[in-house]
Amino acid sequence: MKLRTYHRAQIAAVALIAPWMTGAAQAQQAEQAEGTASEGLREIIVTAQKRAENVQDTPLAITAIDAQAIEQRGITSVASLSGAAPNLVIAETPAATANPSISIRGIVDNDPILTADPAVGLYVDGVIVGRSAGALFDMMDLERVEVLRGPQGTLYGRNTTGGAVNLISAKPAKDFGARLQVGYGSFDEMTVKALLDTGVLGDTGLALKLGYFHSQRDGTVDNLLEPSNKRDPGARNTDAVRAAIRFDRGTGFTADYVYDYSDRNGRANAFQLRAIRPDILDYISFSPAFGGTAPQVSSERLSEVRLDRDGNVSDRVKGHALTLNLEIGDATLRSITGFRQWDNKIDGSDLDGNGGLLGVVAVPTFGVAPIDLFHTSNERHQKQFSQELNLIGSIGDEFEYVVGAYYFRERATEVNPQGFTAILPVGAVIPGATTLPIGPGITLNSIGLNLETLLAYRHVSRSAAAFSQLTWKPGGLDNRLSVTGGIRYTEDKKHLIQTSPTPPAPRELTRKFTRLNWLANISYQWTDDIMMICPLLSGPKLMIFWITKEIMNAEQEASPGRDYWQAA
């Protein structure tokens with residue numbers, strides 16, 4: 001298989017119209033695009049500050065993407081959001097198919113360990129996704145995406161030092177409707193998305209939306225040791241379902257429940273050696289002499305690699321979100337309850353791109369044996385519960401307020417066996433020797449040790465917070481001036497039980513800390529099209545248990561939480 005430029009063909013069927021009617025659909029889209037261009041910018045309503053407001057009137061560094069733009073850009077997963085907003089970069093991390101590295105303004109924390117919290121908060125229908133690991137799930141039928149740049153410590157709290165990404169799914173429609181969408185792309189990629197709206201069921205006030213998404217593709221790089229393209233690096237097979245129920249009888253009370261499930265199987269992206277120490281290259285270069293493969297080292301991207309320990313990567317993500325809104329006079333009382341779970345299993349991941357190497361090793365037994373610079377497998381589980389309460393309202397025509405409380409709890413486990421060949425000078429293994437003659441004309445300066453290690457731990461995290469934000473818009477200035485102040489008090493507790501490796505395990509650690517974060521913002525709406533904002537804000541970054549460090553000093557075992565502030 002050779003690398004190819006990615007193209008996608010897409011066929012849409014609205015209300016179950018036959019998908020072969022692409023000509024009419026494309027003509028209609030062209031007319032809509034022309035109409036949109038003539039009308040100017042579409043109005044997008046956002047809830048970045050917990051209340052509904054026009055994005056053009058929101059005094060934040062925010063980018064909002066509505067449903068039409070999401071459809072046009074083909075956004076179907078968290079990964080496809082990369083570049084959708086300024087300074088937003090999302091990349092898939094190594095040895096996984098569902099671990100994104102999310103960066104806003106260059107602020108990122110892509111450590112895959114489950115004790116490290118992300119630097120950019122990812123929210124699905126108001127519920128935070130606690131781990132960046134497992135957050136690269138597939139989405140369907142989004143109403144909009146909101147990207148907030150800069151620390152969001154007041155209304156969003158923990159681990160939003162770089163910003164926050166809000167994914168808001170579409171609510172069930174009032175009328176019946178159905179849609180089928182089929183796509184085809186490079187690497188034999190096929191996608192199917194089906195959506196169904198029941199409309200309001202009689203006078204019950206209930207409406208239901210159902211969705212199904214399937215995607216599959218071959219690998220993007222050819223593994224010479226794997227005959228099937230469907231098991232090459234980058235291959236994917238994904239199924240996702242979503243169900244949403246809305247209750248609204250016009251009484252001032254609404255209830256929205258959303259369930260999402262994603263089952264993704266495939267192979268991790270390909271690894272290759274770009275650079276290598278001369279002594280290691282000299283050692284593995286003898287592999288063909290023993291009947292093994294020749295090493296591959298290249299600074300250019302390869303279209304063919306050899307992976308002998310590449311196995312299936314499975315990620316199952318499911319989530320529940322229940323949002324209740326009750327109007328009380330000029331205020332709204334809101335409850336957001338969320339539960340999310342992620343299960344990940346990596347049967348094997350070859351991290352050197354050089355399968356089939358043979359070399360002389362001294363461990364576990366002396367002789368010629370397969371060598372592997374680095375490979376790993378993994379099994380990880382994470383589940384979380386969160387509860388948030390908001391009271392959102394106004395006082396007269398000049399003051400708007402948000403008061404809230406928040407609770408979060410999660411449990412995470414990881415069992416991560418790792419194997420590698422340590423390559424040492426002959427003298428470090430055989431005292432007094434500097435070289436090792438093993439045959440006519442073959443003398444080795446290095447010898448290998450096939451070793452294994454294990455990373456295993458359990459982690460529990462709890463967080464509780466109270467926050468408030470007040471905005472003043474003086475009536476004497478036609479509400480063009482906006483002065484906002486906010487404060488948030490957070491209490492976090494982390495508990496780690498680590499059983500391997502030794503040292504530092506076995507150990508059991510508990511840490512607790514509190515933070516007080518704040519926000520100050522002044523904005524002025526000069527014209528309907530121009531707004532000046534002067535924000536000064538802070539956000540907390542939680543402490544991290546360094547589970548891989550061989551340290552015994554209790555003061556070093558956890559990095560303390562830090563405050564980040566920014567004027568933007």
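Residues numbered from 1 in each chain as written. Predicted model: local features only at pLDDT ≥ 70, side-chain atom pairs only at ≥ 80, totals over all residues. Heavy atoms only, no water.

## A look at a positive patch on the surface
Cut-off, in case you're wondering: Residues enter patches when they are more than 30% accessible in relative terms and free of salt bridges; like-charged ones are connected within 9 Å and nonpolar ones (Val, Leu, Ile, Met, Phe, Trp, Tyr) within 5 Å. Note on areas: these come from Shrake-Rupley sampling with a 1.4 Å probe, and a residue is covered only by the protein chains present in the view. Between Lys or Arg on one side and Asp or Glu on the other, a salt bridge is scored when a side-chain nitrogen of the former is within 4 Å of a carboxyl oxygen of the latter. Under the counting rule used here, the positive set is Lys and Arg, the negative set is Asp and Glu, and His together with the chain ends is not counted. Every charge is mapped onto a representative atom, which is NZ of Lys, CZ of Arg, CG of Asp or CD of Glu. Secondary structure elements follow DSSP: runs of H or I no shorter than four residues count as helices, runs of E no shorter than two count as strands, and numbering proceeds from the N terminus.
A cluster of like positive charges, contributed by Lys383, Arg411, Arg458, Arg462 and Lys493, occupies part of the molecular surface. The topology assignment puts Arg462 in strand β26 (residues 446-472).

## A short note on the packing of aromatic side chains
Spelled out, the test is: Note on ring pairs: Phe, Tyr and Trp rings are taken, using the six-membered ring of Trp, and paired if centres are within 6.5 Å. Classes follow the plane angle, with under 30 degrees stacked, over 60 edge-to-face and the rest tilted. Working definition: with a 1.4 Å probe on protein chains only, accessible area under 20% of the residue-type maximum means buried, over 50% means exposed, and in between means partly exposed.
This model, assessed by the stated rule, comprises 4 aromatic pairs. Pairing Tyr123 with Tyr156 gives two aromatic rings, centres 5.2 Å apart and planes at 70°, and the pair type is edge-to-face. One end of the pair, Tyr123, is in strand β7 (residues 120-124); the other, Tyr156, is in the loop between β9 (142-149) and β10 (163-169), with 33 residues separating them in the sequence. Classification of Tyr123 by relative accessible area gives buried; the value is 7%. Take Tyr156: its relative accessible area is 8%, and that puts it in the buried class. Measuring from ring centre to ring centre gives 6.4 Å for Phe399 and Trp472, while their planes differ by 15°; the resulting arrangement is stacked. Linking Phe399 in strand β23 (residues 399-425) with Trp472 in strand β26, this pair joins segments that are 73 residues apart in sequence.

## Quick notes on the pairing of β10
Heads up, the condition is: Strand pairing is assigned whenever DSSP detects at least two bridges linking the two strands.
Counting buried positions along β10 yields 7 of 7 residues, so the element is predominantly enclosed. Where burial is concerned, the two faces of β10 agree: the one with Gly163, Val165, Leu167 and Ser169 and the one with Ala164, Asn166 and Ile168 are both buried. Where β7 meets β10, 5 bridges bridge the pair, whose relative direction is parallel. By the bridge assignment for β10, Leu122 is matched with Val165. Strand direction decides the pairing type here: β9 and β10, joined by 7 bridges, are antiparallel.

## Side note on a nonpolar patch on the surface
On the surface, Leu326, Ile328, Leu333, Leu391 and Val403 cluster together to form a nonpolar patch covering roughly 370 Å² of accessible area. With respect to the helices, strands and loops of the structure, Leu326 is situated in strand β18 (residues 313-328).

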